[in-house]
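# Residue-level structural notes
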Amino acid sequence: MPYFVHQSTVYFYSEIKNIDIINLNEPVYLGFGAEVKVDDLYRLHSKFLPLGKIGGKPSWLNPKQLPKSTDLLCKVCEKPMCFLMQVCANGGENDPPHAFHRTIFLFVCRNPACSRLNDASNLKAFRCQLPRTNDFYSFDGPMNPDFGDAPDPRAITDGPGLCQICGCAAAKKCGKCQVARYCSQAHQVVDWPTHKLECAQAATDGFIAEKLQNPRNAFVFKEFEVGIDQEYMPANLFDGISDDEDDDDEEEGNQEDETEEEKKARMKEFEKFVKENRDKNADMTKEDLDAATAEQPKDLDFDKFNRLVNLNPEQIVRYKRHGLPLRATGRSELPEVVEPCENCGAPRRFEMQLMPHLLSLIDVDAIGQSIDWASVYIYTCSASCQITDNGYAQEFVFKQDFV
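Residues numbered from 1 in each chain as written. Predicted model: local features only at pLDDT ≥ 70, side-chain atom pairs only at ≥ 80, totals over all residues. Heavy atoms only, no water.

Under an unreviewed UniProt entry, the name given to the protein chain is MYND-type domain-containing protein, and the source organism is Caenorhabditis nigoni.

As structure tokens, then:
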């Protein structure tokens, strides 16, 4: 059975199904990225129902009714988005029968210019669900990857073609071999330097064998397995957090004890200030800059965020369905109103959030213009409503940045 592993914690598929993750009294579950050997990448295929994966191509829960290619275009540049990650998010007995299997899929635009301050237009989330009895998986659970990459007896033969580059629904074909499929002309162009070397052989064989490499190609992110663990925090974690100005001197004296996350956030704030004031304040001294940045009021939410993150600095996901999100900063607001589900009209509630360390795993945490976030919040239909043809329903995403 597939499972998440982080440190000494192991959750098997059957055990995950019995975890009540909707109860507000339940703890927060943390997700961590785990390296996967190239020879073991098959373990993340759909037929094994991976409980979570980062990068590569999507392991679609429903491999037949996929999002349209137009649904996966960036709202900013209108180009195809890249698969970011997916999380198996079952609620056990709390979910309706049609949502026995339930997975959240996340996509992001690869273009750094589309990553705008406190704007999630470059991100999308989709929810997919299946009943326990379905055409794709056994009633008793998925196949066991420990037995190797065995053929799937339930593999569909009439599903949509998948893009050679991104693994999403593809309506276009290579005009020469009629084998390679693409979701867009842009991805056909990306693949051509590789495909031109295999096009003739593909026409003869009728298929293209995927190369064992990670990442799969230059467009997708490197693949990781996602492991989960429960968050534990000491009762005195938030002791000493105060907005009292008298504490300033003591905090300045403790800058040497700053965590890497705190230093990174402070540096981003400093670089933003310098960039905005470069022309009109070219002669500012370091003392002038220090005085200017010191005028910022205390950010108590940021302090709390960092204390929690520092308990598990490699966390990439915080999951607490129908719980409360962890604010990354008090200098930008979380949404006061979240749009209800377009499918059924039920209110959407918080389910999970992406953390800054995920940016490091997908190797986009460069200084300067880059894909960036302090945290990304995903709100989903509180009713886990049934989706037409058990397909994919888009959900609400909000992005908060350090400003």
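Having seen the structure, we can now continue with the description.
### Quick word on the overall build of the protein chain
Quick note on the threshold: Each helix is a run of DSSP H or I of at least 4 residues and each strand a run of E of at least 2, with the numbering of both proceeding from the N terminus. A simple rule labels every residue: compare its accessible area, found with a 1.4 Å probe on the protein chains alone, to the largest value its type can have, and call it buried under 20%, exposed over 50%, or partly exposed in between. We call two residues contacting when some pair of their heavy atoms lies within 4.5 Å. Note on areas: Shrake-Rupley with a 1.4 Å probe; residue coverage comes only from the protein chains shown.
In terms of regular secondary structure, the protein chain is built from eight helices and 14 strands. The buried share among the 403 residues of the protein chain stands at 47%. Within the protein chain, contacts between residues at least 6 apart in sequence are counted, and of these 74% link residues at least 24 apart. Per element, the accessible surface of the protein chain, about 20,400 Å² overall, is 49% carbon and sulfur.

### Describing the environment of Met85
Within the element layout of this structure, Met85 appears in strand S5 (residues 82–88). Residues Met85 and Lys57 lie 28 residues apart in sequence; the distance between their C-alpha atoms is 9.0 Å. Once residues lying within four places of it in the same chain are set aside, the contact partners of Met85 are Lys53, Ile54, Ile104, Phe105, Leu106, Val226, Ile316, Val317, Leu354 and Leu358.

### Comments concerning the pairing of strand S14 (residues 392–400)
Applicable threshold: One requirement defines pairing of two strands: DSSP has to find at least two bridges between them.
A large share of S14 lies buried, amounting to eight of its nine residues. Two elements, strand S7 (residues 123–130) and S14, share four bridges in a ladder whose sense is antiparallel. Bridge pairing in S14 places Ala125 opposite Glu395. Across five bridges, strand S13 (residues 375–381) lies against S14 in antiparallel orientation. Residue Ser375 lies in a different strand from S14, and its bridge partner there is Gln400.

### Brief notes about the environment of Ala186
Within the element layout of this structure, Ala186 appears in helix H2 (residues 185–195). Take Ala186: its relative accessible area is 38%, and that puts it in the partly exposed class. Each C-alpha atom of the pair Ala186 and Pro80 lies 8.1 Å from the other, and the pair is 106 residues apart in sequence.

### A short note on the sheet that holds S13
This is how it is decided: Axes here mean lines fitted to C-alpha atoms, for a helix over just the part in contact, with angles spanning 0 to 180 degrees between N-to-C directions.
Around the barrel, which closes on itself, the 10 strands sit in the order S3-S10-S4-S5-S6-S7-S14-S13-S12-S11 with antiparallel pairing between neighbours. On average, each strand axis in the sheet is inclined to that of its neighbour by 30°, with strand direction left out of account. Summarising the sheet, strand S3 (residues 29–34) and strand S10 (residues 224–230) pair through six bridges and their orientation is antiparallel. Residue pairing in the sheet places Leu30 in a bridge with Asp229 of S10.

### Side note on a nonpolar patch on the surface
Operational definition: Only residues whose relative accessible area exceeds 30% and that form no salt bridge enter a patch; like-charged residues are grouped when within 9 Å of one another, and nonpolar side chains (Val, Leu, Ile, Met, Phe, Trp, Tyr) when within 5 Å. Between Lys or Arg on one side and Asp or Glu on the other, a salt bridge is scored when a side-chain nitrogen of the former is within 4 Å of a carboxyl oxygen of the latter.
Taken together, the side chains of Met233, Phe238 and Leu311 present a nonpolar region at the surface, about 250 Å² in accessible area. Among the structural elements, Phe238 can be located in the loop between S10 and helix H4 (248–253). Assessed through its relative accessible area of 31%, Phe238 is described here as partly exposed.

### Focus: the pattern of salt bridges
Under the definition given, this model contains 18 salt bridges. Two residues, Lys64 and Asp158, come together in a salt bridge whose shortest N-O distance is 3.0 Å. One end of the pair, Lys64, is in the loop between strand S4 (52–54) and S5; the other, Asp158, is in the loop between S7 and strand S8 (172–173), and 94 residues separate them in sequence. Looking at Lys64, the relative accessible area reads 34%, which means it is partly exposed. Put simply, Arg327 and Asp301 hold a salt bridge, and the shortest N to O gap is 3.3 Å. Of this pair, Arg327 sits in the loop between strand S11 (315–319) and strand S12 (348–354) while Asp301 sits in helix H7 (residues 300–311), and the two are 26 residues apart along the sequence. Taken together, the shared-partner salt bridges connect Lys53, Lys57, Glu210, Arg216 and Glu223 into one network.

### Things to note about the side chain of Glu198
The criterion, for reference: Polar contacts here mean pairs of N or O atoms no more than 3.5 Å apart (in protein, one a potential hydrogen donor and the other a potential acceptor; neighbouring residues in sequence count only if both atoms are side-chain atoms).
Tracing the sequence through the fold places Glu198 in the loop between H2 and helix H3 (199–205). Of note is the side chain of Glu198, whose polar atom sits 3.2 Å from the side chain of Lys211. Excluding its chain neighbours within four sequence positions, the residues that come into contact with Glu198 are Ile208 and Lys211.

### Describing unusual backbone geometry
Of the consecutive residues Asn214 and Pro215, the connecting peptide bond is found in the cis state with omega at 5°. As for its placement among the helices and strands, Pro215 is situated in the loop between H3 and S10. Of note, the phi angle at Leu49 is positive, near 45°, even though the residue is not glycine. Mapping Leu49 onto the fold places it in the loop between S3 and S4. According to the relative accessible area criterion, Leu49 is buried, its value standing at 9%.

### So, the packing of aromatic side chains
Worth spelling out the cut-off: A pair of aromatic rings is counted whenever rings of Phe, Tyr or Trp (Trp by its six-membered ring) have centres within 6.5 Å, and the orientation is called stacked for planes under 30 degrees apart, edge-to-face for over 60 and tilted otherwise.
Evaluated as defined, the whole model comprises 12 aromatic pairs. Between Phe105 and Tyr392 the ring centres are 5.5 Å apart and the planes differ by 70°, which places this aromatic pair in the edge-to-face class. With Phe105 in strand S6 (residues 101–108) and Tyr392 in strand S14, this pair connects stretches of sequence that are 287 residues apart. A relative accessible area of 0% places Phe105 in the buried class. Their ring planes at 85° and their centres at 5.3 Å tell us that Phe302 and Phe402 sit as a pair that is edge-to-face. Within this pair, whereas Phe302 is found in helix H7, its partner Phe402 is found in the segment after S14, the two being separated by 100 residues in sequence.

### Topic: the UniProt feature "domain: MYND-type" (unreviewed entry) in the protein chain
Quick note on the threshold: UniProt positions are given in the numbering used here, feature names are shortened, and annotations may be inferred rather than shown by experiment.
According to UniProt, the feature "domain: MYND-type" (unreviewed entry) maps to residues 163–199 in the numbering used here. End-to-end, the C-alpha atoms of residues 163–199 are 15 Å apart, and along that stretch the chain is 32% helix and 11% strand.

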